Amino acid sequence: MIGEIPDVSVGQPYASRVLASDAKVHRPRIAGICGTKATGAESIVLSGGYKDDQDLGDVIIYTGHGGQDGAGNQVSDQSLEDSGNAALVTSHLQGLPVRVIRGSKSESVYAPRSGYRYDGLYRVASYGSKLGIDGHLIWQFRMEAALGTPTPVVEADQLPIDASPTDVHVPAGNDIPERVSSNVQRIVRNNQVKNTVKTWHADQCQVCGITIKTPGGTYSEGAHIQALGRPHHGPDRTDNVLCLCPNCHVKLDAGAIVIEDDLTVVEHSVPSGALNTHPQHDLSLDCIRSHRARWRR
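Analysis parameters
- Residues numbered from 1 in each chain as written.
- Predicted model: local features only at pLDDT ≥ 70, side-chain atom pairs only at ≥ 80, totals over all residues.
- Heavy atoms only, no water.
- Helix = DSSP H or I, 4+ residues; strand = E, 2+ residues; numbered from the N terminus.
- Contact = heavy atoms within 4.5 Å.
- Areas by Shrake-Rupley, 256 points an atom, 1.4 Å probe, with all protein chains shown as cover.
- Expected span 1.5 Å × (residues − 1).
- Buried < 20%, exposed > 50% of the residue type's maximum accessible area, 1.4 Å probe, protein only.
- Polar contact = N/O pair within 3.5 Å; in protein donor to acceptor, adjacent residues only side chain to side chain.
- Pairing = 2+ DSSP bridges.
- Axes fitted to C-alpha atoms, helices over the stretch in contact; angles between N-to-C directions.
- Disulfide = S-S within 2.5 Å.

S.K.: Quick question: what am I supposed to make of the overall build of the chain here?
M.R.: Within the chain, the secondary structure is distributed over 5 helices and 15 strands. Long-range pairs, those at least 24 residues apart, make up 60% of the contacts in the chain between residues at least 6 apart in sequence. Accessible surface for the chain amounts to roughly 16600 Å². Of this, 51% is attributable to carbon and sulfur atoms.

The following block contains the structure:
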């Protein structure tokens, strides 16, 4: 299950891994990464398992799985072929959110005092390899809090021992706090729609024809022709999505390229060739015309 778990709020504590597993927040009772290369990572646990981890609150430098002995020392190189590491790569390539659970065994000031705590959704912003503290190759994943995920609170007894009251800003607060009602709306994007389009085209850009290859697999982006947000209100359907490289995605979104009704790609008012197509991938002329009208007014 990718994303939020129904009825589980950010900050939910769990006394043990077993209880977190029963709640399906992090299903494995031992492994720190839950997921597969095919589906992406569902969740990770940050609980002091690897020396090279860094917990900065809304940014986590998370060390991948593998290569440790029973004492927690890195004794061999890690590999992206490991299912947990491959799952995090897939989450990066497909932009999938990952649930983060912090455990008390971590030395981070953001760790709970005891047990485990669900701290919301993070995204795998980037990843790469380096020599770790113990001298072996490790893979690390930069994870950033997703929009709407709050930075975890540093509890008072987690502050450094030499911290004094003057080190902590105390807000004035309000004797009678104001209360207002608000409704928050957000667009729920269907990752399956984009993934279907990218699968049809095998991650080959429909505009320039390149396929980006990375150590973890090929990469492309699903780009909506008619934007989903206000004031465009485009549909989240395969006939409104193109498989593009990052450069062409930016060009489409910024109006540097538009598409004619005959699927000719026009860049800066100059025809640059035909859009690459696939037999199963029909495109909406209404969406194409809406995008073109937006930038040709």
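Here the narrative resumes, following the displayed structure.
S.K.: Please explain helix 2 (residues 83–94) as it appears in this structure.
M.R.: Residue pairs spaced three or four apart in an α-helix point in one direction, given the helix's 3.6 residues per turn. With 12 residues, helix 2 ought to run about 16 Å at 1.5 Å a step, and its terminal C-alpha atoms sit 16 Å apart, in line with that. Within helix 2, the full set of buried residues consists of Gly84, Asn85, Ala86, Ala87, Leu88, Val89, Thr90, Ser91 and Leu93. At the N-terminal end of helix 2, a side-chain oxygen is found 2.8 Å from the backbone nitrogen of Gly84, two or three residues along, and the residue is Asp82. Gly95 lies just past helix 2 and shows a positive phi near 65 degrees.

S.K.: Even after reading the chapter, I still don't get the pairing of strand 7 (residues 116–131), so can you show me in this structure?
M.R.: The side chains of a regular strand alternate between both faces of the sheet. Here 2 bridges tie strand 1 (residues 13–14) to strand 7, and the two strands are oriented antiparallel to one another. Directly across from Pro13, in strand 7, lies its bridge partner Arg117. One ladder, built from 6 bridges, connects strand 6 (residues 97–103) with strand 7; its direction is antiparallel. Its bridge partner lying in strand 7, Arg102 is registered against Arg117. Here strand 7 runs beside strand 8 (residues 137–145); their pairing, made up of 9 bridges, is antiparallel. The residue bridging Gly128 from the neighbouring strand is Gln140, located in strand 8. Where strand 7 folds back onto strand 8 in an antiparallel hairpin, the turn is made up of 5 residues, including Gly135, whose phi is positive at roughly 90 degrees.

S.K.: Even after reading the chapter, I still don't get the sheet that holds strand 13 (residues 257–259), so can you show me in this structure?
M.R.: The sheet built from 3 strands is open, its strands ordered 13-14-15 with antiparallel pairing. A strand with exactly one partner marks an edge of an open sheet, and here the two such strands are strand 13 and strand 15 (270–274). Ignoring strand direction, the axes of neighbouring strands in this sheet form an average angle of 30 degrees. One ladder, built from 3 bridges, connects strand 13 with strand 14 (residues 264–267); its direction is antiparallel. Paired with Val258 across the strands is Val266, a residue of strand 14. Sheet strands touched by helix 5 (residues 285–296): strand 13 and strand 14. Its angle to strand 13, the strand with the most contacts, is close to 140 degrees.

S.K.: It is not clear to me how the state of the cysteines should be interpreted in this structure. Could you clarify?
M.R.: A covalent bond between the sulfur atoms of two cysteines is what we call a disulfide. In this structure the tally under the stated criterion is 0 disulfides. Unpaired in this structure, Cys243 has its nearest cysteine sulfur neighbour in Cys205, at a distance of 7.0 Å. Using a relative accessible area of 0% as the deciding quantity, one classes Cys243 as buried. Cysteine Cys248 is unpaired, with the sulfur of Cys245 as its nearest cysteine sulfur at 3.6 Å.

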